[in-house]
Amino acid sequence: MSNTNVQTSKKTDEVAIQLKGVHKWYGQFHVLKNINLTVGRGERIVICGPSGSGKSTMIRCINRLEEHQQGDIIVDNIELTGNLKNIEAIRREVGMCFQHFNLFPHLTVLENCTLAPIFVRKMPKKEAEEIAMHYLERVKIPEQADKYPGQLSGGQQQRVAIARSLCMNPRVMLFDEPTSALDPEMIAEVLDTMIELADTGMTMICVTHEMGFARKVADRVIFMDAGEIIEENKPEEFFNNPQSDRTKKFLSQILAH
Amino acid sequence: MSSLTDQKYAPGEHPDLPPPPGSIGVVGWLRHRLFSSVGNTILTILAFFFLYKVGNAVIFWVFTGATFTGDTQDACTQGGACWLVIGDRFHQFMYGLYPQEEYWRANIVFVLMVFAIAPLLFDKLPHRGMFLIFSALFPFAAFYLLSGGWGLETVDTANWGGMLLTLVLGITGIVASLPIGILLALGRRSNMPIVRTLCVCFIEFIRGVPLITILFMASNMLPLFLPEGVNFDKLLRALIGVALFSSAYMAEVIRGGLQAIPKGQYEGADAMGLSYWQSMRLIILPQALRIVIPGIVNTFIGLYKDTTLVSIIGLFDLLGIAQVAVADVKWRGLAPETYAFIALLFFISCFSMSRYSLWLENKLHTGHKR
């Protein structure tokens, strides 16, 4: 990671995302239990917790990749219901990066980036390409624009995925374990990109186990276990003075090595 | 065991060396593939001997011992094939019972067909957009030219035959079955219960019944259910039967492709705000169809050859007209020649499809590993 100074928060009082009493079940299995979370515009949130704790499921509920069965989710003043119009409106404003990038392998890097602006935002092709090149430069791979995703390294692919999301000019970015499928050498380049993004004041929710990133960037760290939010706090407090035993145990395990 | 001091080169300075001689190139290939052991050498020699014998016999029958000139069967005295029957019957093989003085219309259709199909096959064609408009208009032009009316003499579809009929059936079936198959496959994977049930019922019913049954029902039973006086053209009924039949198979091939696409691709498309039809058209289908090109072409080839079954309902396609030729008293005992020629025509069509599909697979390969 290039710079070590703690980022200044761009958090405002405006609410970007609100989850109120959200419950979700997979069949009989209760994955999310009474989740209450308010994310301010410009706030950076890191969610951590053991696997199976429901952290991915929670952020996937925010853009309706998963459906919640009880409670309210309000994104950007739009309530998330079964209404297809609302879902598509929210997805336009919420970018998402996945663990396995989910780039489209049959399209070039540039086409990956211009697809949604052209077909969802109805942007002219030329303008979409200019914007795509702008963001590809920001993630430092403009020279790969005409290659296919399969020809890039994992770290490069994840940076393309970030650029692809940014091309839609989203108001919120969700990251679902963006570095956990990467080699150690490539994690740094992706985290650098994410830190730069955080610097611009983007509202970000990151599910990640990169505790260095959490310390440096997060306004709040949230710890989840067994479908519940156990603890949430500022990073220093969270790491130096964890409240619950479950958090202490998790931190000791993850920081032991 | 070698230690660092045994090495000829210092660590990190080992140059790229050429492979050992005889392991690559023609010699390497021969040694590796044909003569790698005593047993394999014997098998290689035996195989060559066998190929030589069979090849000789085939060349004698087809070329050196065959008769190419003459008017009647009496000219065929050399012991090989008697190709005279092909020349004599050639027009029927091409046009069936189409009136001789109207052959030019069929010929125009053949030529136009090449221009109509080319833009569908090759996306790098110059002025492809204009060609595609032509492709869309071609079926109507072809129908007008072949069936007549408005100044042209009317030719009943029952008289269309031979290669002409085979191409009409085959190409219409292929062009119709792909989009119908795609819709059926998407329908079968739909979340909407009624759509899904309808698609499943259609696919399973059609796949559970032989094509002959469908053709026979379309030809003989359909008129019983229609009101008096309403009458579909026999060829049209056969066309619909063939298209529906192969679209059911096509649907299952495409469904296989859809299932091979990782969930992440659907989620990636959803997360970007693409609608269902956009994500299908732009993301999922291009990948799914590429995966199942071999299966799709397999279905196309099967469909093309299955068109020969229309002789059951009294249409004379390429094979049907050949059977008429074989029964001709003027040329007795020439079934091998006739069928060999028909087989050659089918082989050319099907082999072209197969080669095209290989070419397309290579072209669409973007080196993606997910």
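Keep in mind that what you see is a predicted model, and the values were worked out from it rather than measured.

All right, on to the overall build of chain A then. Helices and strands together make up the secondary structure of chain A, namely nine helices and ten strands. Whereas a compact globule of 257 residues would reach a radius of gyration of roughly 18 Å, chain A reaches 18 Å, a difference of no more than 12%. Overall size of chain A, expressed as C-alpha extent along the three principal axes, is 55 × 45 × 35 Å. A buried classification covers 56% of the 257 residues belonging to chain A. Put simply, 67% of the contacts in chain A that link residues at least 6 apart link residues at least 24 apart. Surface summary for chain A: the accessible area is close to 11,000 Å², and the carbon and sulfur share equals 47%.

In total, this model carries 16 aromatic pairs over all chains according to the counting rule given. With 5.0 Å between their ring centres and 45° between their planes, Phe223 of chain A and Phe250 of chain A make a pair best called tilted. Here Phe223 of chain A is found in strand S9 (residues 220-225), whereas its partner Phe250 of chain A is found in helix H9 (residues 245-255), with 27 residues between them in sequence. Residue Phe250 of chain A is classed as buried on the basis of its relative accessible area, which comes to 7%. Ring geometry for Phe122 of chain B against Trp359 of chain B: centres 5.4 Å apart, planes inclined by 70°, an arrangement best described as edge-to-face. Taken together, the residues Phe122 of chain B in the loop between helix H4 (103-121) and helix H5 (128-147) and Trp359 of chain B in helix H14 (residues 335-364) connect sequence positions 237 residues apart. Judged by its relative accessible area of 33%, Phe122 of chain B falls in the partly exposed class.

This part takes up the confidence of the model for chain A. It should be kept in mind that the predicted coordinates are not to be read in detail where pLDDT is low. All names here are of chain A. Chain-level pLDDT for chain A is 91 on average; 96% of the residues reach the 70-or-more range. Mean pLDDT in chain A bottoms out at H9, which sits at 88, and peaks at helix H3 (residues 109-119), which reaches 96. Throughout residues 1-6 the model reports pLDDT below 50, and contacts reaching past four residues in sequence, or to other chains, amount to ten contacts.

Residues and elements named next belong to chain A. Assignment of secondary structure puts Ser53 in the loop between strand S3 (44-48) and helix H1 (55-62). Taking relative accessible area as the criterion, Ser53 reaches 1% and is therefore assigned buried. In terms of polar contacts, Ser53 uses its side chain to reach the backbone carbonyl oxygen of Pro50, at 2.7 Å. Residues within four places of Ser53 in sequence aside, it is in contact with Val31, Met224, Asp225, Ala226, Gly227 and Glu228.

A separate point is helix H2 (residues 84-93) of chain A. Taken together, the buried positions of H2 of chain A are Ile87, Ala89, Ile90, Arg91 and Glu93 of chain A. Residues of H2 of chain A that are buried sit in contact with H1, strand S4 (70-75), strand S5 (78-79), strand S6 (94-97) and strand S7 (172-176) of chain A together with helix H10 (263-271) of chain B. For H2 of chain A, the capping residue at the N-terminal end is Asn83 of chain A, with a side-chain oxygen 2.8 Å from the backbone nitrogen of Lys85 of chain A.

The next thing to look at is the sheet that holds strand S1 (residues 15-26) of chain A. Residues and elements named next belong to chain A. Spatially, S2-S1-S4-S5 is the arrangement adopted by the four strands of the open sheet, whose pairing is antiparallel. Of all the strands in the sheet, just strand S2 (29-40) and S5 have a single pairing partner and so form its edges. With eight bridges connecting them, S1 and S2 associate as antiparallel partners. Pairing of Lys24 across the sheet is with Leu32, part of S2.

Residues and elements named next belong to chain B. Tracing the sequence through the fold places Arg237 in helix H9 (residues 234-260). Buried within the structure, Arg237 lacks any salt-bridge partner; Asp233 is the closest side chain of opposite charge, at an N-O distance of 7.2 Å. Here the side chain of Arg237 touches Ser219 through a polar contact of 2.8 Å, landing on its backbone oxygen.

Once that is clear, we can look at the interface of chain B and chain A. Many descriptions give the size of an interface as the accessible area lost when the pieces come together. The interface is formed by 23 residues belonging to chain B together with 24 residues belonging to chain A. Where chain B abuts chain A, roughly 2,000 Å² becomes buried across the two surfaces, and 63% of that area is made up of carbon and sulfur atoms. When the area that chain B buries against chain A is broken down by residue, the three leading residues are Ala271, Met272 and Thr366 of chain B, summing to 30%. At the boundary of chain B with chain A, the tally comes to one salt bridge. Glu267 of chain B serves as the salt-bridge partner of Arg60 of chain A, at 2.5 Å between the closest nitrogen and oxygen. Counting across the interface, chain B meets chain A through six residue pairs in polar contact (both at pLDDT 80 or more). For the side of chain B that touches chain A, the elements supplying multiple residues, two or more each, are H10 and helix H11 (276-291) of chain B. Here the side of chain B that touches chain A gets eight residues from one element, more than from any other, and that element is H10 of chain B. Its residues placed into classes, the side of chain B that touches chain A shows seven nonpolar, ten polar and six charged.

The next thing to look at is the layout of surface pockets. Each pocket or cavity is described by its volume, and for the second largest pocket that value is around 1,100 Å³. Around the second largest pocket sit 29 residues that line it, and Asn191, Tyr266, Asp270, Tyr276 and Met280 of chain B are the ones nearest its centre. Those elements that provide at least two residues to the lining of the second largest pocket are H2 of chain A together with helix H6 (162-188), helix H7 (193-207), H10 and H11 of chain B.

With that settled, the discussion passes to the state of the cysteines. All names here are of chain B. Taken as a whole, this structure holds one disulfide over all chains when the rule is applied. Residue pairing for Cys76: its cysteine sulfur links by disulfide to Cys82, the two sulfurs lying 1.8 Å apart. On the sign convention where negative means left-handed, the S-S torsion of about 50° between Cys76 and Cys82 marks this disulfide as right-handed. With relative accessibility at 22%, the residue Cys76 sits in the partly exposed group. Free of any disulfide, Cys201 has its nearest cysteine sulfur in Cys199, 9.3 Å distant. The class of Cys201 is partly exposed, set by a relative accessible area of 47%.

The subject of this paragraph is the UniProt feature "domain: ABC transporter" (unreviewed entry) in chain A. Those places that UniProt annotates as "domain: ABC transporter" (unreviewed entry) correspond, in this numbering, to residues 17-251 of chain A. Secondary structure across residues 17-251 of chain A comprises 39% helix and 26% strand; the distance between its end C-alpha atoms is 27 Å.

Here we come to unusual backbone geometry. All names here are of chain A. Located in the positive-phi region is Lys140, a residue other than glycine, with phi close to 65°. For Lys140, the location among the structural elements is in the loop between helix H4 (125-138) and helix H5 (154-166). Its relative accessible area of 49% is what places Lys140 among the partly exposed residues. If you check the backbone angles, Ala226 has positive phi at about 50° while not being a glycine. Relative to the helices and strands, Ala226 resides in the loop between S9 and strand S10 (228-233).

The rules behind each value
- Residues numbered from 1 in each chain as written.
- Chains lettered and ligands numbered in written order.
- Predicted model: local features only at pLDDT ≥ 70, side-chain atom pairs only at ≥ 80, totals over all residues.
- Heavy atoms only, no water.
- Helix = DSSP H or I, 4+ residues; strand = E, 2+ residues; numbered from the N terminus.
- Rg over C-alpha atoms; globule rule 2.2 N^0.38 Å.
- Buried < 20%, exposed > 50% of the residue type's maximum accessible area, 1.4 Å probe, protein only.
- Contact = heavy atoms within 4.5 Å.
- Areas by Shrake-Rupley, 256 points an atom, 1.4 Å probe, with all protein chains shown as cover.
- Phe/Tyr/Trp six-rings, centres within 6.5 Å; stacked < 30°, edge-to-face > 60°.
- pLDDT = per-residue confidence, 0-100.
- Polar contact = N/O pair within 3.5 Å; in protein donor to acceptor, adjacent residues only side chain to side chain.
- Pairing = 2+ DSSP bridges.
- Lys, Arg positive; Asp, Glu negative; His and termini not counted.
- Salt bridge = Lys/Arg side-chain N within 4 Å of Asp/Glu carboxyl O.
- Buried area = accessible area lost by both parts, 1.4 Å probe.
- Nonpolar A, V, L, I, M, F, W, Y, C, P; charged D, E, K, R; others polar.
- 1 Å grid on protein atoms, 1.4 Å probe; cavity = no way out; pocket = protein on both sides within 12 Å on 5 of 7 lines; lining within 4 Å.
- Points joined across faces, edges and corners; volume = space filled by probe spheres on them.
- Disulfide = S-S within 2.5 Å.
- UniProt positions renumbered as here; feature names shortened; annotations may be inferred.

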